Each structure stands twice: as C-alpha cells, then as structure tokens.
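So the chains spell out like this:
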Amino acid sequence: MIKTFRLLNKVEKNIKFELTDLLINQVIDLVDNNQDTLLQVKLNELHHADIAEILEELNVDQSTYIIKLLESDKTSEILMELDEDFREQILNNLSPNEIAKEIEELDTDDATDIISELSVEKQKKVISKIIDAEHKADIKELLKYDEDSAGGLMAKELVKVNENWTVTKCVKEMRIQAAEVTRVHSIYVVNDKDKLIGRLSLKDLLVANPRSSIKSVYIPKVDFVNVNDEAESVANIMQKYDLEAIPVVDDNNILLGRITIDDIVDLIKEEAEKDYQLAAGILQDVDVDDTIFQLSRARLPWLLLGLLGGIGAAIVMGAFDDILAKHQILFYFTPLIAAMAGNVGVQSSAIIVQGLANDDIRGSVNNRLIKETFLSILNGFILSVILFLFIILSGEEYLVALAISISLVIVIIVAGIIGTFIPLFLDKRGIDPAIATGPFITTSNDIFGILIYFYIAKLILPI
C-alpha cells in the first residue's frame, strides 16, 4: 500500500503542467481574498515558467501582487519568462528597491535585459539600490553594448583559471567561482593579462598531478567571438559547432564574458518571429494584444503597396484592351498567371532567405540565378504542358492554348529569377532579405506576370 502511494505521488509530480480556467480562477480568488499562505503553497510547487503562464492570464495588479508576495529567487525567474510588454507593466508597479531585489537574483545578462526596459531615470534609481558592487559594475558595463551584438547577449558569470596555477589551486578557485554561476558549461584559461588562451577539460583536470600547472594540461584550441560581433553571427557559429556556450573577448583578446545557448534560442525565436512578420508584410514587431492603431500602422504600408500593384496591373490590362476584346478567354486565365507568378516568386525568395539566415548561401549570385532559372524552366515546362492540354480539351483554339502556355513558362522563369535576385541584392545592401519574401515579391511578380502574359498573347494571337 505504501509503495503504491509513493508511486502515485511520483507520477503526479511528473504530470505535465496544464493551464486551466479552474486553476486561474483559484489563483484569482486567493489573490482577491488576500490568502497569502495558501497562494504561496499553491504557487511554490510550480515551475517559474508555469507561474509566468498563469500571471499572463491575470491583470497587472493581480500579477504584481503575486510578484511582491513570492521570494525574489523565484520571482526574478518568473519575470524573465513573461512577455516583454506585460513585464514592463509589472515593473512600472514596482519600486526601484523592489526591482533591485529581483535584479540581485539574476545573472548579469538577464539583469541587464530587465534594466534596459526601464526609463533612464528609473535605471539609475534601480542600479543605485543594488547592494552587490561587482554585480552592479557588471550590469553598468553590459548596458553599454548594443543589444544586437555579442556584448548585448553575454553574461559576466563564468569560470576562468590562470595558466600558472597548480591543479590544486585551480580546483579551489573553481569552487569559489562556480558558486556564482548558474551552470558551468566550460572552464576558460587565461594568462596573467587576462587574455583568453584556451579551455580546460574536467577529465584532464581530474587525472592530472595536483602539483602540475594548468599550463601543462589545458587545451589551447577554443572558439570565441568578439564583443562587437553581430548577434546573428554568434548564433551561426554556435549552431555550426554545436556549442552550449562561447566566450566573448575584446579586440585585445581579453576575456569579458560568455554567451550561453538559452540566449541564442531566444534570439533565434525573436528573429524567426520578425522574419515571419516581414514575410507577411508587417513592418513592425507587433503582438495580437497591441492596439488597433499599432496593428494598422504595421500592416498598412504593404497593403498600400498591394493596392498600387493592383492599380498597376489594371493599367497594364487596359493597355491590351484590343487583344482582350478579340480573345476574351485570356481574361479568365489572368488570375492563374498572376497567382503562379506570385507563388513561384515567394517560393524562390523563401528558400534564399532561409539559406541566408542559416548562412548556407555560398558561391556567386550568378550561380544561384542560373540554378533557379533551370529549375523554373523545368517546373514551367511541366505546368505549361498540363495547362495546354486542359485548354485544348476545353475546346479552345490551338493558338490560344499555345499563347497561354508559353506565357506561363516565361512568367515562371522571370518570377523565379526575381524571387532569387531581390533577397540576394537586399542582403548585399545590408537590408533584411526577409522583407522580400511576402507582398513585395508577390506584387512585383503580379505586374510583370500580367505584362508578359498579354505581350506574348499579342505576339502570337491575331487581332
């Protein structure tokens, strides 16, 4: 009976957290009735990420109440899991002293992220309340770096040893340093000038003679990034070499900090969301909870471009009213030509944008264009044959079927070239190529596609 109870208890603890209306209502009821003890018991057994999920279903005042109630070692982690906009609202409800207590519990990179969200005036007040002088100095240093650089991603917490230390002293110093580090991924070796010269293997350290110097056992090969390197470049390096952490140095190779994989995952997620929105024609970073004005401002520019594209397409069609009057069947295939042009262009640009994001694009632009041209010819030929047969079987004239089919082939080739060239061109100019994937490509290919379609039809068909 006892064994069964223990087994059931263990299974219950391993059950995946599920956010339910019942749980949310229970938490709200405990907050509204100031049932602090019961609220602490209920929430302290949950993971900080699960509590953050609950808080985002409450209003700001209720969430602030919980943040003030629980211990800072837990609430600091909860704050990091919250949506940035919602976290900002909660921070506005906290005093500089209360925020400083949360900051004290966080690694320097996370602490800097939170402080950077505050106004300049409140930043100064919060920093002045931080008791740990070293922690305070590290945060001030990190605030100087661009958030999209390696310096903006790095944390100051790490374990480093001097090449001249003995193994015995090294182990002693590592124990002291490790107390301040949430997770030890690597041990870095520096010289007397604090320059990064290598890394240390725990296995080599354990089997080494206690009197040996670190100089005789460390590994001189170590990957690192410069503090001014772009964040995306850091992500590509860590992805390429499967690194859980990477050290950051300055121009003199002085070890400044390290970047861990959790920061890179957050970066990749943010970039993916940004690129997805750009591909959908949304120019600003928006969320479903933003105001109608914010959402409209982010979407309207590309919608205006689409409107102009539609007007342009109408103008093009108007210039070929003579061929349309003679062969009205062309009108019915206009949406097909425009759709195929847009689809092919988006496919081509999406592949190129993905390759650029993953740093997989190598070789000259010409090679890419040639490859995409041959691919477009193959796809265009297959699709045009199918379309030709469909038109013939529908009882239309041979020349009409030929004109529409040839137009489709050429439209697909041109759309593939445009979809390949524009992202590469934008990338060379330092512009995010994801902007080319959505409405920009679709609109431009619609106009070019319709122009090519009617021009070829005019060349082939009698008027």
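For the structure itself, look to the data block above.
A brief report on the enclosed structure follows. (Residues numbered from 1 in each chain as written. Predicted model: local features only at pLDDT ≥ 70, side-chain atom pairs only at ≥ 80, totals over all residues. Heavy atoms only, no water.)

Regarding the layout of surface pockets
Item 1. Volume-wise, the second largest pocket comes out at about 550 Å³.
Item 2. Lining the second largest pocket are 20 residues; nearest its centre among them are E134, D138, K156, E157 and E180.
Item 3. Within the residue set of the lining of the second largest pocket, elements represented by two or more residues are α11 (133-142) and β6 (255-260).
Item 4. No other element matches the three residues that α11 contributes to the lining of the second largest pocket.
Item 5. Here the lining of the second largest pocket is built from residues that sort into six nonpolar, four polar and 10 charged. (1 Å grid on protein atoms, 1.4 Å probe; cavity = no way out; pocket = protein on both sides within 12 Å on 5 of 7 lines; lining within 4 Å. Points joined across faces, edges and corners; volume = space filled by probe spheres on them. Helix = DSSP H or I, 4+ residues; strand = E, 2+ residues; numbered from the N terminus. Nonpolar A, V, L, I, M, F, W, Y, C, P; charged D, E, K, R; others polar.)

Notes on the sheet that holds strand β1 (residues 159-162)
Working definition: the strands of a sheet are paired by backbone hydrogen bonds and lie parallel or antiparallel to each other.
Item 1. Sheet architecture is open: three strands sit in the order β1-β2-β3, paired in mixed fashion. Each edge of the open sheet is held by one strand with a lone partner, namely β1 and β3 (196-200). Strand-to-strand, the axes of this sheet are offset by a mean angle of 35°, without reference to chain direction.
Item 2. Strand direction decides the pairing type here: β1 and strand β2 (residues 187-190), joined by four bridges, are parallel. Paired with N162 across the strands is V190, a residue of β2.
Item 3. On top of the sheet, helix α13 (residues 167-178) reaches β1, β2 and β3; it is set at about 155° to β1, its chief contact. (Pairing = 2+ DSSP bridges. Axes fitted to C-alpha atoms, helices over the stretch in contact; angles between N-to-C directions. Contact = heavy atoms within 4.5 Å.)

Here's the deal with the packing of helix α3 (residues 36-44) against helix α5 (residues 60-69)
Each pair of packed helices can be summarised by the angle the axes make with each other and by the distance between the axes.
Item 1. Contact geometry for α3 and α5: axes closest at 11 Å, N-to-C directions at 85°. The orientation of α3 relative to α5 falls into the category roughly perpendicular. Contacts between α3 and α5 involve D36, L39, Q40 and L43 from the former and Y65, I66 and L69 from the latter.
Item 2. Of the residues assigned to the contact of α3 with α5, the class counts are five nonpolar, one polar and one charged. (Parallel < 35°, antiparallel > 145°, perpendicular 65-115°, else oblique.)

Focus: a nonpolar patch on the surface
Item 1. There is a patch of nonpolar side chains on the surface, built from L378, F381, I382, L383, V385, I386, L389 and L393 and spanning about 790 Å² of accessible area.
Item 2. On the secondary structure map, V385 appears in helix α21 (residues 365-393).
Item 3. V385 gets classed as partly exposed once you look at its relative accessible area, which sits at 35%. (Patch = residues over 30% accessible without salt bridge, like charges linked within 9 Å, V, L, I, M, F, W, Y side chains within 5 Å. Areas by Shrake-Rupley, 256 points an atom, 1.4 Å probe, with all protein chains shown as cover. Salt bridge = Lys/Arg side-chain N within 4 Å of Asp/Glu carboxyl O. Buried < 20%, exposed > 50% of the residue type's maximum accessible area, 1.4 Å probe, protein only.)

Points about the sheet that holds strand β4 (residues 225-226)
Item 1. An order of β4-β5-β6 is seen for the three strands of this open sheet, with the pairing classed as mixed. For this open sheet the edge positions go to β4 and β6, each flanked by a neighbour on one side alone.
Item 2. Two strands pair when backbone bridges link them, and β4 and strand β5 (residues 245-249) are joined in this way by two bridges, in the parallel orientation. When the bridges of β5 are listed, N226 appears paired with V249.
Item 3. Lying on the sheet, helix α15 (residues 231-240) is in contact with β4, β5 and β6; it crosses β5 at an angle near 140°.

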